[in-house]
2 protein chains.
Amino acid sequence: MASEYVDMRNLKFLVNEVHRAAELTEYPYFADHESETLDMMLDAAKQLADDHMFPYLEECDRFGVLFEDGKVTVHPQVAKVMKAMGENGWIGSTFSYDDGGMQLPHMIAFVAEYIFEAANNNLTGYPGLTGGAARLIVSFGSDELKETYVPNMMAGKWQGTMALTEPQAGSSLSDITTSATPQDDGSYKIQGTKIFISSGDYESTENVIHLMLARIDGAPKGTKGISLFVVPKHRLENGQLVANDVITAGIFHKMGQNGYVTTHLSMGENDNCHGYLVGEAHRGLAYMFQMMNGARIAVGIGASSIASAAYHASLQYANERPQGRRWGDRSLDQPQTLIINHPDIRRMLLVQRAISEGSISLAIQCARYSDLMHVSEGDEKKKYDMLLEILTPVCKTYPSEEGIRSVSNGIQILGGYGYCKDFPMEQYYRDIRIMALYEGTTGIQSLDLLGRKVVMDNGAAFRLLMGEIQETLQAAGAIQSLKNYSQLLGKELKRLADVTQHLAAIAQKGDIELFLADATVYMELFGLVTVAWQWLKQGVISEQALSNVALSDGEKQFYQGKIHVMKFFFVYELPKAAGLAKTLLSAESLTVLKETEAVF
Amino acid sequence: MASEYVDMRNLKFLVNEVHRAAELTEYPYFADHESETLDMMLDAAKQLADDHMFPYLEECDRFGVLFEDGKVTVHPQVAKVMKAMGENGWIGSTFSYDDGGMQLPHMIAFVAEYIFEAANNNLTGYPGLTGGAARLIVSFGSDELKETYVPNMMAGKWQGTMALTEPQAGSSLSDITTSATPQDDGSYKIQGTKIFISSGDYESTENVIHLMLARIDGAPKGTKGISLFVVPKHRLENGQLVANDVITAGIFHKMGQNGYVTTHLSMGENDNCHGYLVGEAHRGLAYMFQMMNGARIAVGIGASSIASAAYHASLQYANERPQGRRWGDRSLDQPQTLIINHPDIRRMLLVQRAISEGSISLAIQCARYSDLMHVSEGDEKKKYDMLLEILTPVCKTYPSEEGIRSVSNGIQILGGYGYCKDFPMEQYYRDIRIMALYEGTTGIQSLDLLGRKVVMDNGAAFRLLMGEIQETLQAAGAIQSLKNYSQLLGKELKRLADVTQHLAAIAQKGDIELFLADATVYMELFGLVTVAWQWLKQGVISEQALSNVALSDGEKQFYQGKIHVMKFFFVYELPKAAGLAKTLLSAESLTVLKETEAVF
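For clarity, every value in this text was computed on a predicted model and none was experimentally measured.

K.L.:
Is there a simple way to think about the overall build of chain A in this case?
P.N.:
The helix and strand inventory of chain A stands at 19 helices and twelve strands. A principal-axis box enclosing the C-alpha atoms of chain A has dimensions of 80 × 60 × 60 Å. Relative to its full complement of 600 residues, chain A shows a buried share of 60%. Pairs at least 24 apart in sequence give 77% of the contacts found in chain A among residues at least 6 apart.

In structure tokens:
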């Protein structure tokens, strides 16, 4: 087992220095918080993760989930973590005081989530989804629903879920068929099947509250006829919890996240499943997107955090394992050198840092926009909303896809041991792979980015983001040692804009299928430029910090290390942009189905 | 379970049309074979794989390997496959008639291996390593060793292994310490520990024959003091097999290839382990490299084959799963379309074909050089030897690294199901990950490529390879529809030569550590260009075939499909070369350890 999984110094650097959390506390909504208390919150999160999560990572994997006689058993630590997270206010920590929360900035809540996930990604989904589900009720539910469900959820007593997917409706939510039939008492009878429902059922929670999409009888076809319901495992009748005809038909046996239950649910087999409408009828998908957007960023954070934990495990190994000798002096009379002294090992460590620290910086950037949106009004609010919208699919996808490569590099550092169960690397490798599938696959995120976010309001969000990046380019351009990197990113930004224009022209001609055909390649290019921006930002702050001559040696090394990783990103990662752009600009259409061609 | 795992039409296309196996049969050594009989051999391999291997893939994974009371139990099918492979002559099929083989060209043996591995990569290592170990004895052992061991190994009765790695000596073989003390009877007493020994022990084989590296007492330090021994689990004494003090101390629990045993061996704990010298003392590493080179290509084939099996599984899913609608007509009144009709799914299928079919073509190219080397003399022999030498690390690494991405794309096509154990994708994903570690990690292969093969004889092998690629460029340049692709590859070839010259100049200045620092990035560039060459070759042959107007529709579609995948490689993969070259040409040295820097 490795001894560390996150770098708290790095997290505080990102929160306080790069993304300036203190600025938020100047807004009345966040005024009760101070920079110091926010730091203390992060330290508290680390302590909770150290105590309740990290020691159980391997156990969760090996214990897995048991399903017998229709009952689901998860590792005992799940209930303990739910309780601890509830008691410490982490479930719904960002909710307003009125709704029982701490009005914590998302920047802090996200980073705490990152710490939890890095410690044990098999446990964090339980409280995480509970908070997301509670937020949906808080935002759109009636007072009665709020009173009935939210307090127990925030206390970690009741589990929350989001229940969208059906066997025939995964990526294509328009095809949902779970039905909701109105009853005289204002409730609905629910009938249908949901699959891939995370946290969907387990014995050691009192109740499971499904935020479920279903179609009211006679509703319009497609997404416009989808409504959102609270469908509890046990419903309240006369103050008693009674079974609500939600049956767990099975669980999914996954490659990773073995300690995190994924269920197959059947509702209304005995015509006795009641659901309670949230908000207005037929507006369910729009409501659900609030939760999904949060969940997407959470997935990105989860992927970054696993990559972080894997980085720390491989760094520790590289610092302890002797093997071979450096090229300068390969005499066999001397002992073997530590492998961290070999360039190829250093390159693989740098790949990991570049990806995982770049990813979490992007997530904190999103959190900052989210917080600013919350406390601002009018055009300002709209601006932050758009920035958050365009970055959400990127924030989900870059860490999920590149995180796989990051962890794979970590395995490689351990050699054969990396493939064996004596070390945590293989679990991280299995665990992280689901992130590119959760909450909309990479393909779906890419369609969202290019097909919706980039083109919305005539490209307004895209232009806003360009503006944000330009600001960083200017700041970097004013620092002699960063000028070159500022220019490099400037060129890539221009290239991204050119590619976007090229694709938009195809859309304008009406060939939407061709326009979106390479959306995933576009996403890769977009992610690269966006994360390069986050690195340049970190470079600017680090250079500014280094101008303080009173810095301790340790601090100096921290900032120099940051600049080193930034340079690495620009030399080893960013150059990939040229090839991606070339692919996107190619006139050959090789992936769109043509009736005259038989390719497979 | 998927219904197919290889495309026999593709394999015969590569063997007969692209790499012209028939030409080999014109040499006396191969004269007993004909094109038709070689095809029949491949069909026989497919039948054996269908009957004995493919149906057991999942079982092998779930059954795993048991270790109790010092005894190793593997799935019962292991012994059956060893028997079938022995009886059908596949173990040592390429050996000469004198040595009990079939004088089969490597081109056929490799493709058969590919079929076996694609069917069940958990089983193929057992006969594969046995053949490799037998070859070492045949090539360098005394007549007595040959007579004692080889027939039982070729019959599949005795298992063979290669035993190199020790706890302190993995990548750094110079540090091997297993000792060999000369005895009066000419044998040696062996003492030491070996780890990560594949096929190292199991009850259902009569004997295990380790081809083991050890150091004779008083031998020089480093690789020049390493000798090769036969160290059997049971030695023959007076015609009886008696225990030879080779103890299995444990097995490794791996993420994948769970049905393939990896052992931890301890020799001579009771001072009763006898080893028998193979060839001359202190020349063991050179001998072992014969087996390692074969094993490296076998690993590349293994990776290609898993990628192939995963491709077929995801293709089948894409052809059966309806989801969503095409952009042209998204009306909800029509049923959902099959996902194979979506561009992003087609792109992911094409990524898989581009990687897996490009990889196996490269392996067959290596096999061809190996066969031609075998039957030629003098300069001609030297030429093929050098081509094989320079391509071996690439043939091992490209499929191992890119194969991961290939299978990952396959998982993505299945969505959440790809991550679940109901489908074979997750097993393929776990299984293939070991290939980048086996027989020298990617880092070691890359040092071998750049540090040895590219620079040997003043770049002679590199120039020979350039010449081979140029031949293909000329052939393609003469075909109107391929001219553009010929030019594209020509440019990348030039770029690779420039990068190589740039790096060689650093070596000439004596900074070997800097010269080799980015060897892995160089490997990636080299692999890309090499596989593009294999695709252009396939394009040339396909265009020539299409000029035959009498072609059936099915055949026409096959060749058109090939050209389509070739184009895909040139549009989606080859453009990556520019970025890699940029990284390699960068003047910043970010991965070489500098005492003044603290990066981690």
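K.L.:
Help me understand the relation of the copies chain B and chain A in this model?
P.N.:
Between the two copies of the chain lies a relationship made up of a rotation around an axis and a movement along it. For the pair chain B and chain A, the best superposition has an RMSD of 0.0 Å and corresponds to a rotation of 180° with a translation of 0.0 Å parallel to the axis. These values place the two chain copies in the arrangement generated by a two-fold rotation axis.

K.L.:
Explain the interface of chain B and chain A to me, please; I cannot follow it from the model alone.
P.N.:
When the parts of a complex come together, some accessible area is lost, and that lost area is often used as the size of the interface. Residue-level contacts link 76 residues of chain B with 76 residues of chain A. At the level of secondary structure, the elements contributing two or more residues to the side of chain B that touches chain A comprise helix H10 (343-375), helix H11 (378-414), helix H12 (425-432), helix H13 (442-453), helix H16 (512-517), helix H17 (519-546), helix H18 (553-573) and helix H19 (576-585) of chain B. A total of eight residues in the side of chain B that touches chain A trace back to one element, the largest contributor, which is H18 of chain B. For the side of chain B that touches chain A, a count of residues per class yields 32 nonpolar, 27 polar and 17 charged.

K.L.:
Can you walk me through unusual backbone geometry in this structure?
P.N.:
Apart from glycine, the bulk of residues carry a negative phi angle, and the bulk of peptide bonds sit in the trans form. One non-glycine residue, Asp 245 of chain A, lies in the positive phi region at around 60°. Within the secondary structure, Asp 245 of chain A is located in the loop between strand E9 (240-243) and strand E10 (246-251). Accessibility expressed as a C-beta count within 10 Å gives 20 for Asp 245 of chain A, which makes it buried. Phi is positive for Gln 257 of chain B, close to 45°, though the residue is something other than glycine. Inspection of the secondary structure puts Gln 257 of chain B in the loop between strand E10 (246-251) and strand E11 (262-267).

K.L.:
I would appreciate a short explanation of helix H6 (residues 106-119) of chain A in the present structure.
P.N.:
Residues spaced three or four apart along an α-helix point in a common direction, a consequence of the helix completing one turn every 3.6 residues. With 14 residues, H6 of chain A ought to run about 20 Å at 1.5 Å a step, and its terminal C-alpha atoms sit 19 Å apart, in line with that. In terms of burial, H6 of chain A is largely enclosed, as 14 of its 14 residues are buried.

K.L.:
Got a minute to help me understand the packing of H6 of chain A against helix H9 (residues 284-320) of chain A in this structure?
P.N.:
How two helices sit against one another is set out by the angle between their axes and by the gap between those axes. Residues and elements named next belong to chain A. The geometry of H6 relative to H9 is characterised by a closest axis approach of 8 Å and an angle of 50° between their N-to-C directions. It follows from the interaxial angle that H6 and H9 lie oblique. Of the two elements, H6 crosses H9, and the hand of that crossing is right-handed. Residues Phe 110, Glu 113, Tyr 114, Glu 117 and Ala 118 of H6 form the contact with H9, whose own contacting residues are Ala 298, Ile 301, Gly 302, Ser 304, Ser 305, Ile 306, Ser 308 and Ala 309. Class assignment of the residues belonging to the contact of H6 with H9 gives a composition of seven nonpolar, four polar and two charged.

K.L.:
Mind showing me how you'd approach helix H5 (residues 77-87) of chain B here?
P.N.:
Every buried residue belonging to H5 of chain B is among Gln 77, Val 78, Val 81, Met 82, Met 85 and Gly 86 of chain B, and all of these are buried. The arc that holds the buried residues of H5 of chain B, viewed along the axis, is 170°, so those residues lie on one side.

K.L.:
Which parts of the structure should I look at to understand the confidence of the model for chain A?
P.N.:
Reading fine detail from the predicted coordinates is not recommended where pLDDT is low. Looking at chain A, pLDDT values average 97 and 100% of them are 70 or higher. Scored as a complex, the prediction yields pTM 0.98 and ipTM 0.97.

K.L.:
Can you help me understand the pairing of E9 of chain A in this one?
P.N.:
It is a general feature of regular strands that their side chains alternate between the two faces of the sheet. Across four bridges, the pairing between strand E8 (residues 234-237) of chain A and E9 of chain A is antiparallel. Counterpart to Leu 236 of chain A in the pairing with E9 of chain A is Leu 241 of chain A.

K.L.:
Help me understand the packing of helix H9 (residues 284-320) of chain B against H12 of chain B in this model?
P.N.:
Residues and elements named next belong to chain B. Running from amino to carboxyl end, H9 crosses H12 at an angle of 165°, the nearest separation of the two axes being 10 Å. When the interaxial angle is binned, H9 and H12 end up roughly antiparallel. As for the relative orientation of H9 and H12, their crossing is left-handed in sense. Contacts from Ala 303, Ile 306, Ala 307, Ala 309, Ala 310, Ala 313 and Ser 314 in H9 reach Met 425, Tyr 428, Asp 431 and Ile 432 in H12.

K.L.:
Is there a simple way to think about the environment of Asp 175 of chain A in this case?
P.N.:
Assignment of secondary structure puts Asp 175 of chain A in the loop between strand E3 (158-163) and strand E4 (179-182). Here the alpha-carbon distance between Asp 175 of chain A and Thr 165 of chain A, two residues ten residues apart in the chain, equals 9.7 Å. The residues touching Asp 175 of chain A, leaving out its near neighbours within four places in the chain, are Gln 168 and Ala 169 of chain A together with Gln 336 of chain B.

K.L.:
Help me out: how do you make sense of the environment of Thr 177 of chain B in this one?
P.N.:
All names here are of chain B. Looking at the secondary structure, you find Thr 177 in the loop between strand E3 (158-163) and strand E4 (179-182). Taking the number of C-beta atoms within 10 Å as the measure of exposure, Thr 177 has 13 and is therefore partly exposed. With 104 residues separating them along the chain, Thr 177 and Ala 281 place their C-alpha atoms 15 Å apart. Apart from the residues lying within four places of it in its own chain, the contact partners of Thr 177 are Glu 166, Gly 192 and Arg 215.

K.L.:
I'm lost on the environment of Ile 339 of chain B in this one. Help?
P.N.:
Residue and element names in this part refer to chain B. Considering the arrangement of structural elements, one finds Ile 339 in the loop between H9 and H10. With 24 C-beta atoms counted inside 10 Å, the residue Ile 339 sits in the buried group. Residues Ile 339 and Arg 321, spaced 18 residues apart in sequence, show a C-alpha to C-alpha distance of 6.0 Å. Setting aside residues no more than four positions away along its own chain, Ile 339 makes contact with Ala 318, Arg 321, Gln 323 and Ile 345.

What counts, and at which threshold
- Residues numbered from 1 in each chain as written.
- Chains lettered and ligands numbered in written order.
- Predicted model: local features only at pLDDT ≥ 70, side-chain atom pairs only at ≥ 80, totals over all residues.
- Helix = DSSP H or I, 4+ residues; strand = E, 2+ residues; numbered from the N terminus.
- Buried ≥ 20, exposed ≤ 12 C-beta atoms within 10 Å, placed from the backbone.
- Contact = placed C-beta atoms within 7 Å.
- Least-squares fit on C-alpha atoms with pLDDT ≥ 70 in both.
- Nonpolar A, V, L, I, M, F, W, Y, C, P; charged D, E, K, R; others polar.
- Expected span 1.5 Å × (residues − 1).
- Axes fitted to C-alpha atoms, helices over the stretch in contact; angles between N-to-C directions.
- Parallel < 35°, antiparallel > 145°, perpendicular 65-115°, else oblique.
- Left-handed = near helix turned anticlockwise from the far one by under 90°.
- Arc of directions from axis to C-beta.
- pLDDT = per-residue confidence, 0-100.
- Pairing = 2+ DSSP bridges.

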